[in-house]
Amino acid sequence: MQCNTILSKLSAYLDQELAGFEMIALRDHLSGCSQCRQEAETLQSLKRAFSQMSAPEVPFGLEQRLIERTLGTSASVPLVSRPRLRTFGVLGYATAVAAALVIGVALGMSRTKGGPADAPGVSQSIAYDIRHDQMFMSSTDPLSGLALPQHLAEHP
Amino acid sequence: MFMSMVREKPPAVTAAQRDALFESLIKDSHKQAFSLAYRLTGNSVEAEDLVQEAFLRAYRFFHRYDRSLPFTSWLYRIMTNAHIDNVRRKGRLKTLSLEQGGPDGVTTWEFADESANADDLIQQQALDEPLQRALGAMTAEFRTAVVLADIEGLAYEEIAEVMNTSVGTVRSRIHRGRKQLRSYLLKINYPASRGIH
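About the criteria used
Residues numbered from 1 in each chain as written. Chains lettered and ligands numbered in written order. Predicted model: local features only at pLDDT ≥ 70, side-chain atom pairs only at ≥ 80, totals over all residues. Helix = DSSP H or I, 4+ residues; strand = E, 2+ residues; numbered from the N terminus. Buried ≥ 20, exposed ≤ 12 C-beta atoms within 10 Å, placed from the backbone. Contact = placed C-beta atoms within 7 Å. Core = buried A, V, L, I, M, F, W, Y, C linked by C-beta atoms within 7 Å. pLDDT = per-residue confidence, 0-100. Axes fitted to C-alpha atoms, helices over the stretch in contact; angles between N-to-C directions. Parallel < 35°, antiparallel > 145°, perpendicular 65-115°, else oblique. Left-handed = near helix turned anticlockwise from the far one by under 90°. Arc of directions from axis to C-beta.

A. Inspection of the overall build of chain A at higher detail. On a plain count of helices and strands, chain A comes out with 7 helices and 0 strands. Reading the helices (α) and strands (β) of chain A from amino to carboxyl end gives α-α-α-α-α-α-α. Expressed as a percentage of its 156 residues, the buried residues of chain A come to 12%. Partitioning the contacts of chain A with sequence separation of at least 6, the portion at a separation of at least 24 is 44%.

B. Up close: the overall build of chain B. Along the backbone of chain B there are 8 helices and 0 strands. Reading chain B from its N terminus to its C terminus gives the helix and strand order α-α-α-α-α-α-α-α. Out of the 197 residues belonging to chain B, those deemed buried represent 37%. Considering only contacts within chain B whose residues lie at least 6 apart along the sequence, 63% involve residues at least 24 apart.

C. Structural view of the nonpolar core. Residues and elements named next belong to chain B. Membership of the largest hydrophobic core comes to 56 residues, with the highest contact counts inside it found for Ala37, Val51, Ala54, Met79 and Ala145. It is helix H2 (residues 15–41) that contributes the most residues to this core, 9 residues altogether. In this structure Ala37 touches Ala47, Leu50, Val51 and Met79, once residues within four positions along its chain are discounted.

D. View of unusual backbone geometry. Positioned with a positive phi, Gln16 of chain A is a non-glycine residue whose angle comes to about 55°. Mapped onto the secondary structure, Gln16 of chain A falls in the loop between helix H1 (3–14) and helix H2 (20–32). Here the phi dihedral of Asn164 of chain B falls at roughly 55°; this positive angle occurs in a residue that is not glycine. For Asn164 of chain B, the location among the structural elements is in the loop between helix H7 (156–163) and helix H8 (167–187). Residue class for Asn164 of chain B comes out partly exposed when judged on the 13 C-beta atoms lying within 10 Å of it.

E. Here's a closer look at the confidence of the model for chain A. All names here are of chain A. For chain A, per-residue confidence averages 70 on the pLDDT scale, and residues scoring 70 or more make up 47% of the total. Per-residue pLDDT stays below 50 along residues 110–130; that stretch engages in 10 contacts with residues further than four places along the chain or on separate chains. Note on residues 145–156: pLDDT under 50 across the span, and 13 contacts to partners over four residues away in sequence or across chains.

F. Summary view of the packing of H2 of chain B against helix H6 (residues 140–151) of chain B. Residues and elements named next belong to chain B. At a minimum axis distance of 10 Å, the contact between H2 and H6 shows a crossing angle of 135°. In terms of axis orientation, H2 runs oblique to H6. At the point where H2 passes H6, the crossing takes the right-handed sense. Across the interface between the two elements, Leu36, Arg39 and Leu40 of H2 pack against Arg143, Thr144, Val147 and Ile151 of H6.

G. Quick look at H7 of chain B. Residues and elements named next belong to chain B. Residues of H7 that are buried include every one of Tyr156, Ile159, Val162 and Met163, and no others. Buried residues of H7, viewed axially, fall in a sector of 120°; they line one side. Looking at the buried positions of H7, the neighbouring elements they touch are helix H4 (71–90), H6 and H8. Just past H7, the residue Asn164 takes up positive phi, approximately 55°.

In structure tokens:
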């Protein structure tokens, strides 16, 4: 390997994050190249300096403040991820399938355009929930740390 | 009749049980969380805000937490995303200078006289301060990757999971991040005795 290639892999080498054959190749090179070895030693010192930083002092009363501020918001927090249907037997499934068919036919006859969120009878909040769940799956909701699009952020 | 057959599954836990569990998680993990937040933000005030934000988000979405995974991994993911988001929202990277706030966010940085006969703790703090400033001068993504690797001791694969990115990206961020750290420390004359030159 050339020195440039070695230098680009040094960090991963020091973190033991290279494949075995690459680790061996780098070790071989370092044993014979003082310039790369010096670079490796500097990076190793840098890594050591950060790993030896002393733990910051935790502010007095932090634990209690976190508990009070976090659990004080409990009123609006859901307990389960989704409302789920309980299994309800063959008769239940047959009824559900029949109902779905009737609704499907009715929608097919009346609907002209638009997605589910645009259909009459689907409330804004449900449409919002659907979009929000889609964003959660695509890592663009508040949990992911990325801001919601403006048109959705306006809804409660 | 149909409605009577469709019933919601009762929640597995009551609100009181959930709150008791979450309280115990805060007690167990808040020091570790604060330590990471401090390394990411560089001062106590912002670190506490970040930890609070992360716990609030974790609590709000606790029903989505996969309990087969360590809570701290999930919390770290929320916290690092919140940190990167906060930095982006501010519209600029917070580059600390000698005139800006020290560890408490208010006072100025102080450098110990190397010749002074200080005890080990003070000496260690004096060596830590420039390192913390160097972290503060990095881009948020690089800083997060380096802190998770060098201070938290996570493997690249774990960092990739926390940062929701690939192992290759993590490798690149750590490599480039260390180069940034090194050039910053050289610029501020970090003691050569520590082996960084």
